[in-house]
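What the coordinates show
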Amino acid sequence: MENTKAPMIQTVNVCKNFGSLEVLKNVSLTVEQGEVVCIIGPSGSGKSTYLRSLNHLEKITSGKIYIEGTLLDDREHGVNKVKLPKEEKNQLLLKMGMVFQRFHLFPHKTVLDNVTIAPINVKKIPKSQAEQIARDLIKRVGLSEKVDVYPSKLSGGQQQRVAIARALAMQPEIMLFDEPTSALDPELVGEVLAVMKQLAKDGMTMFVVTHEMSFAREVADKVVFMYEGEVAEIGTPTEIFDNPKHEKLKQFLNKID
Amino acid sequence: MENTKAPMIQTVNVCKNFGSLEVLKNVSLTVEQGEVVCIIGPSGSGKSTYLRSLNHLEKITSGKIYIEGTLLDDREHGVNKVKLPKEEKNQLLLKMGMVFQRFHLFPHKTVLDNVTIAPINVKKIPKSQAEQIARDLIKRVGLSEKVDVYPSKLSGGQQQRVAIARALAMQPEIMLFDEPTSALDPELVGEVLAVMKQLAKDGMTMFVVTHEMSFAREVADKVVFMYEGEVAEIGTPTEIFDNPKHEKLKQFLNKID
Amino acid sequence: SSDKNSDTSKSDSDISTIKNGVLKIGMEHSYPPLEYLDEDGTTLIGFDVELGKAIADKLGLEAEFINNAFDTIGEALNRDEFDVAISAISITDARKESHIMSKAYIENKISLVTAKDKGINSPDDLKGKKVAVQRGTTADIYMTELAEKNSEYKDSDIARYDSVMNCFEEIKNGRADAVMVDIVVANYYIGEDKDSFTISWQSEEPEPFGFQLKKGNEALLEKLEKVVDELYADGTVETIAKKYFGEDAEIAAER
Amino acid sequence: MSEFWQAISVNFDKIVNWIPVLLKSTGTTLLLTLCSVSAGLVVSVFLALGKMSKLKILSKLCSAYIFFFRGTPLLMQLFVVYYGLPYMGITIDSKFFAAFLAYAMNSSAYLAEIIRAAIQSIDKGQLEAAKSLGMSYPMAMRLIIIPQSIRRLIPPIGNEFIMIVKDTALVSSIALVELSGKTKDIMIASSSPLVFVPALAIYLLITGVFTFILNRLEKRFSVYE
Amino acid sequence: MSEFWQAISVNFDKIVNWIPVLLKSTGTTLLLTLCSVSAGLVVSVFLALGKMSKLKILSKLCSAYIFFFRGTPLLMQLFVVYYGLPYMGITIDSKFFAAFLAYAMNSSAYLAEIIRAAIQSIDKGQLEAAKSLGMSYPMAMRLIIIPQSIRRLIPPIGNEFIMIVKDTALVSSIALVELSGKTKDIMIASSSPLVFVPALAIYLLITGVFTFILNRLEKRFSVYE
Ligand SMILES: Nc1ncnc2c1ncn2[C@@H]1O[C@H](COP(=O)(O)OP(=O)(O)OP(=O)(O)O)[C@@H](O)[C@H]1O
Ligand SMILES: Nc1ncnc2c1ncn2[C@@H]1O[C@H](COP(=O)(O)OP(=O)(O)OP(=O)(O)O)[C@@H](O)[C@H]1O
Ligand SMILES: [Mg+2]
Ligand SMILES: [Mg+2]
């Protein structure tokens, strides 16, 4: 059954230039439904750019992006040849939830409002129902007692957990994480990773850019090593960490130690 | 012989309040000459405040600070009872070099100028001589080819290495490091720690606030665990990491893992 | 011209303020037709200007005109910024007290200019009407006193402008009902517009213009009075007056 | 200096008598400021959004408007509106309204730049987070960006207000009586510059009180920071 | 509107003839601006450092000076200098110098706040780094903080310059002839407001050119960023 489903996300030869700088070079990757894929790689290798391209925070220069088998982008020279109706395009994009390195909670909204604002305004869910869902999610990330607090009163780890709840409130089918723990104090990293692990356990499809090798090793179904805009190596955690082939991957793992 | 020398730094019952917030509570510590002492502890436990108090970036509320046996501070209610001549006080402070978490290189000066500016202007060393010393130091941190570059063109790890060279150029007898690697991308941490290890090997007295447990384990003569403004536990790396006694230390080490 | 040179050196010694053979004349150069700029924006013209030149000529001096805000002309005289002010300055008791005022050099009255159909024939008709005046002029003082003495006039109905030209703009575009102004100026402005505007009233009290000088400069005053008498006698004043005030203007001062 | 204090003490009664007269004209000063900044604020929102718009023509038009009103002296703008427009067949009867028009147009240009700066100072991440939650650009503006800019807007808008309070001094040139014009009239009538003392004090009082209120407001709006 | 364009085309020759006259008076505008902003800049450095000083009296004095000159209209300041000072026994002979004095004092207050903001915007870590290297506060200011503030100073100082260019319009009220005063004169002489067209164009040109130079300078100074 599972195998006959279309991949959650598939990209074919995605390229992205910033001016003359080629940041992504023919990146082709697939994330199956229910899979957890981790992307690792040195700074500037294009990990964030790739993730951001998926949900249209960046426009790719060329290549194809499929979401659950539907062609969302088919670009050449920056022009999208797919002309989806706006409504349909938005529906596809809403299948992806995103968590950022620097949280980006809305500072003028309480925790509860942060989590309900999109469901109420974008999905037009009734307020009371949205709040019910939000409270459940906030409980799930362990912050029930912070519901009415402003983000500035939270630690980094707590903020990131709210950001995860906020993304989940839109009931996405895949969660994109861009280094969700690297802006955190070391002792706060654990609490966020715990929430993510639980999420993976619950069967959420996840695409995670991370520097936390132990997390990748433990949770990932597949690990992708990016290097200078290219997918340099793909494999199971064991293959990548215990038997790296690419020279640069070896160097990278050595440095991280 | 070594033992008869006065300790490099000694503090007795150092307290520091920010308004009604007690950040340091009777911190008494000693750093012997040639020793490497690492301070660990959760965020907000007062590690930075303690380090900054030593070289007068913060004024302590009460307590005593000795530098090489000379009483620099003997404060009560914020008033220093020691009245050293300004010149002598500055001399004592110059025995300490400081490296910050966020580097704080001077952005309008090239690498070379960053390293020479203090020797030339504070120590009144002739420019050519200062530059000679600076070039040696820059070479020592492995950045000879970056001498004429502005800091903005350097990676975080390179900037931190320049910051170390800059502090060393004043020929301090002890180096204070405040989380020197926690603003760095993971793959850049190693190059900075390598420089620090070499420094330790060369016999520099060092006082290091850090979250890098492996560094502390490898290099430190003594590890201090601070918790809520107090020295909760002191010991050799083996004692602290393999046989922690304080409940909070155990929790802390677990979280960091 | 050698004659002129000897004259100049003589006057230099006579009157301490005069240097290098230049008679400095202060005026605010936005008061047509007495002192104003030609349409090119640079050439200073007007009755006072030509009179000033004629006077300087007679004295064997070069005339230099210095622009000064009207309300600080007295101050400027006191600090020797110029030797004499010729700027349509009415001879008032206050001015006589603080400065030397010459005898009248031309006659003048204050007047009321209105649109023909306004039915304003004297200051009595101004109750509830908007009157435009130039700030600090005798017209301003006249209206202010009127409003102070008589509660039927409201001070808020007096609109005080920095320049007399603005006052006339206001009756042209209907934002003011009347302008109170020196009659010589009124004549100039009505000029071509005789069909629509009229001088509906003029004061009984004459308000002639005089030269204003710093106290203690009687030596210069004496010379100026003498020269003006000569200029009256040889018809120069009349010629200039006709040029700026029209053929039938009666401006001759009693001297 | 001692002469100065002596003059004040000798003329103390006079000065006291001027104060109610000056305060009355201060009413015009404040009313004009309030009206024109309020109207300017409404216009400025459209100008700011217009200048940031992707529609080239709209953006260019708004930029030109802003450039013109920021690039020329307010005094001239006032002259053009009051003395110039009648030549083009538009005569504004009320001096107050003419001044209001010039000041509102002028401040709308300044306020537009203020609003634009405030919006652009909001971390780009906020817009990205909103987008990633499916919000459209207008919705993100309305719910996320503009509410956050408001706190940052308070100080510069307050400054603009204070600027206009002071700039109302210029309207004496169209014979609209406010604090400065009245001061000048009294100076001429009394042939003494003493009236400047209470007049300057009133200006300082206004700007002082306003600065105080501003600081309060700013604190009020920063509860969440 | 069509009337307007017609008026322009009919009077085109006249307008062209006014331009050199206007440009000549623009000299005064620019000279006054340049002198007063330069002098203001010198004074403002001391004011800014004074206000930040730990010496309470000095700090209070500087604050009061800044509050006064920012809190009252420049027009009134000009009046006080021009009309008021002579009563206090201080007589300024030249109108230009009187205007210069008022404008320099005024802009020094604004510039002081600009400088203070720029200095305070420099990351506190810079001062701490300098201190930890043994530099005294004055040395750190001189070698580290002030050089870094300069780039941040360019835009607001440029703005102040543009402000003063426009504010010179006020000196026509003391009969010092500059661009605005000349424009008024020509308006009176020609009994037509057409002269506003070239005058406004000159102002826009000045502000435009200056804004352009500013942007260039700003880029120049940001080599190290
Ligand atoms: N908006 C942009 N304009 C120009 N260049 C950009 C932009 N965004 C990213 N880049 C460049 O693209 C390259 C890849 O950046 P990206 O952020 O995707 O790397 P990354 O792998 O996420 O690195 P990190 O681990 O530091 O987050 C870098 O060289 C970066 O400088
Ligand atoms: N200038 C200040 N004013 C008020 N409180 C301060 C100030 N500096 C630090 N604190 C407070 O003092 C406490 C200790 O801060 P400190 O920076 O020393 O902790 P730390 O152990 O270095 O933490 P971290 O690991 O996050 O750097 C914290 O609660 C902090 O909020
Ligand atoms: Mg990234
Ligand atoms: Mg710290």
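The following refers to the structure shown. (Residues numbered from 1 in each chain as written. Chains lettered and ligands numbered in written order. Predicted model: local features only at pLDDT ≥ 70, side-chain atom pairs only at ≥ 80, totals over all residues. Heavy atoms only, no water.)

A word on the interface of chain E and chain D
Counting from both sides, the interface comprises 37 residues of chain E and, opposite them, 37 residues of chain D. Together, the buried faces of chain E and chain D total about 3,400 Å²; carbon and sulfur atoms form 80% of this surface. Counting the contacts that link chain E with chain D gives zero salt bridges. At the junction of chain E and chain D, the tally comes to six residue pairs in polar contact (both at pLDDT 80 or more). (Contact = heavy atoms within 4.5 Å. Buried area = accessible area lost by both parts, 1.4 Å probe. Salt bridge = Lys/Arg side-chain N within 4 Å of Asp/Glu carboxyl O. Polar contact = N/O pair within 3.5 Å; in protein donor to acceptor, adjacent residues only side chain to side chain.)

A look at the site of ligand 2
Residue and element names in this part refer to chain B. Ligand 2 sits among Phe18, Leu21, Val23, Pro42, Ser43, Gly44, Ser45, Gly46, Lys47, Ser48, Thr49 and Glu179. Interatomic distance of 3.2 Å between a backbone N/O atom of Ser45 and an oxygen atom of ligand 2. A distance of 3.0 Å is found between an oxygen atom of ligand 2 and a backbone nitrogen or oxygen belonging to Gly46. Here ligand 2 loses 61% of its free accessible area of 630 Å² to cover by the protein chains. Among the secondary structure elements, those contributing two or more residues to the shell around ligand 2 are strand 2 (21-31) and helix 1 (47-54). Broken down by element, the residue count for the shell around ligand 2 peaks at three residues, all from helix 1. (Near = heavy atom within 4 Å. Areas by Shrake-Rupley, 256 points an atom, 1.4 Å probe, with all protein chains shown as cover. Helix = DSSP H or I, 4+ residues; strand = E, 2+ residues; numbered from the N terminus.)

Topic: the relation of the copies chain E and chain D
Between the two copies of this chain, the relationship is a rotation about some axis together with a displacement along it. Laying chain E over chain D is done by rotating through 180° and shifting 0.0 Å along the axis; what remains is an RMSD of 0.3 Å. One copy is carried onto the other by what is essentially a two-fold rotation axis. No C-alpha of chain E approaches the rotation axis more nearly than that of Leu170(E), which lies at 4.0 Å. Mapped onto chain D, 97% of the interface residues of chain E again fall at the interface, so both copies present the same surface. (Least-squares fit on C-alpha atoms with pLDDT ≥ 70 in both.)

What to know about unusual backbone geometry
Here the amide bond leading from Pro32(C) into Pro33(C) is cis, since omega sits at 5°, within 30 degrees of zero. Along the polypeptide, Pro33(C) turns up in the loop between strand 1 (22-27) and strand 2 (36-37). Backbone geometry at Lys124(A) places phi at a positive 60°, although glycine is not the residue there. Along the chain, Lys124(A) falls in the loop between helix 3 (111-121) and helix 4 (127-140).

Things to note about the site of ligand 1
All names here are of chain A. Around ligand 1, the structure places Phe18, Leu21, Val23, Pro42, Ser43, Gly44, Ser45, Gly46, Lys47, Ser48, Thr49 and Glu179. At 2.8 Å from an oxygen atom of ligand 1 is found a main-chain nitrogen or oxygen belonging to Gly44. One of the side-chain N or O atoms of Lys47 is found 2.8 Å from an oxygen atom in ligand 1. Against a free-state accessible area of 640 Å², the protein chains account for coverage of 61% of ligand 1.

Looking at the packing of aromatic side chains
In total, this model carries 25 aromatic pairs over all chains according to the counting rule given. With 5.7 Å between their ring centres and 35° between their planes, Phe97(D) and Phe100(D) make a pair best called tilted. Note that Phe97(D) and Phe100(D) are positioned in helix 5 (residues 95-121) at a spacing of three residues, about one turn of the helix. Residue classification places Phe100(D) among the buried residues on the basis of a relative accessible area of 18%. Members of the aromatic cluster, joined through ring pairs, are Tyr36(C), Phe168(C), Tyr188(C) and Tyr189(C). The residue whose ring lies beneath Arg166(A) is Phe106(A), and the NZ or CZ to ring-centre distance is 4.5 Å. (Phe/Tyr/Trp six-rings, centres within 6.5 Å; stacked < 30°, edge-to-face > 60°. Buried < 20%, exposed > 50% of the residue type's maximum accessible area, 1.4 Å probe, protein only. Lys NZ or Arg CZ within 6 Å of the ring centre and 35° of its normal.)

Some thoughts on the interface of chain C and chain D
Between chain C and chain D, the residue contacts involve 13 residues of the former and 17 residues of the latter. Summed over both partners, the interface of chain C with chain D comes to about 1,400 Å²; 45% of that surface belongs to carbon and sulfur atoms. Ranking the residues of chain C by area buried against chain D places Arg135(C), Glu169(C) and Arg175(C) at the top, with a combined share of 42%. Summed over the shared surface of chain C and chain D, the result is five salt bridges.

Let's talk about the pattern of salt bridges
Enumeration according to the criterion identifies 48 salt bridges over all chains in this entry. Between Glu247(B) and Lys250(B) there is a salt bridge; the shortest N-O distance is 4.0 Å. With Glu247(B) and Lys250(B) both in helix 9 (residues 247-256) and three residues apart, this pair spans about one turn of that helix. The class of Glu247(B) is partly exposed, set by a relative accessible area of 48%. Its relative accessible area of 35% is what places Lys250(B) among the partly exposed residues. A salt bridge links Arg116(D) to Glu113(D); the shortest N-O distance between them is 3.1 Å. Of the two residues, Arg116(D) and Glu113(D) both sit in helix 5, three residues apart, roughly one turn of that helix.

Digging into the environment of Asp242(B)
Residues and elements named next belong to chain B. Within the secondary structure layout, Asp242 lies in helix 8 (residues 237-242). Separated by eleven residues in the primary sequence, Asp242 and Leu253 place their C-alpha atoms 9.9 Å from one another. Not counting residues within four places of it along the chain, the set of residues in contact with Asp242 comprises Arg217 and Pro237. Here Arg217 takes part through its side chain, which lies 3.2 Å from a polar atom of the side chain of Asp242.

What about the nonpolar core?
One recurring pattern in soluble globular proteins: nonpolar side chains tend to sit buried together. Of all hydrophobic cores here, the largest spans 268 residues; its most connected members are Phe207(A), Phe207(B), Phe47(C), Ile55(C), Met135(D) and Met135(E). Filtering out sequence-adjacent residues up to four positions away, Met135(E) remains in contact with Phe106(B), Ile117(B), Ala118(B), Val122(B), Ala130(E), Ala140(E), Leu143(E) and Ile144(E). (Core = buried A, V, L, I, M, F, W, Y, C linked by side-chain atoms within 4.5 Å.)

Thoughts on the sheet that holds strand 10 (residues 178-182) of chain C
Backbone-to-backbone hydrogen bonds pair the strands of a sheet. The strands run either parallel or antiparallel. Residues and elements named next belong to chain C. With respect to topology, five strands assemble into an open sheet ordered 9-8-10-7-11, the strand pairing being mixed. Since the sheet does not close on itself, it has two edges, and those belong to strand 9 (158-161) and strand 11 (197-202), each with one partner. Strand-to-strand twist in this sheet, taken as the mean axis angle between neighbours without regard to direction, amounts to 30°. As defined by bridge partners, strand 8 (residues 131-134) adjoins strand 10 across two bridges and the pair is classed as parallel. Its bridge partner being in strand 10, Ala132 is matched across the sheet by Val179. (Pairing = 2+ DSSP bridges. Axes fitted to C-alpha atoms, helices over the stretch in contact; angles between N-to-C directions.)

These values are about where atoms sit, not about what they do.
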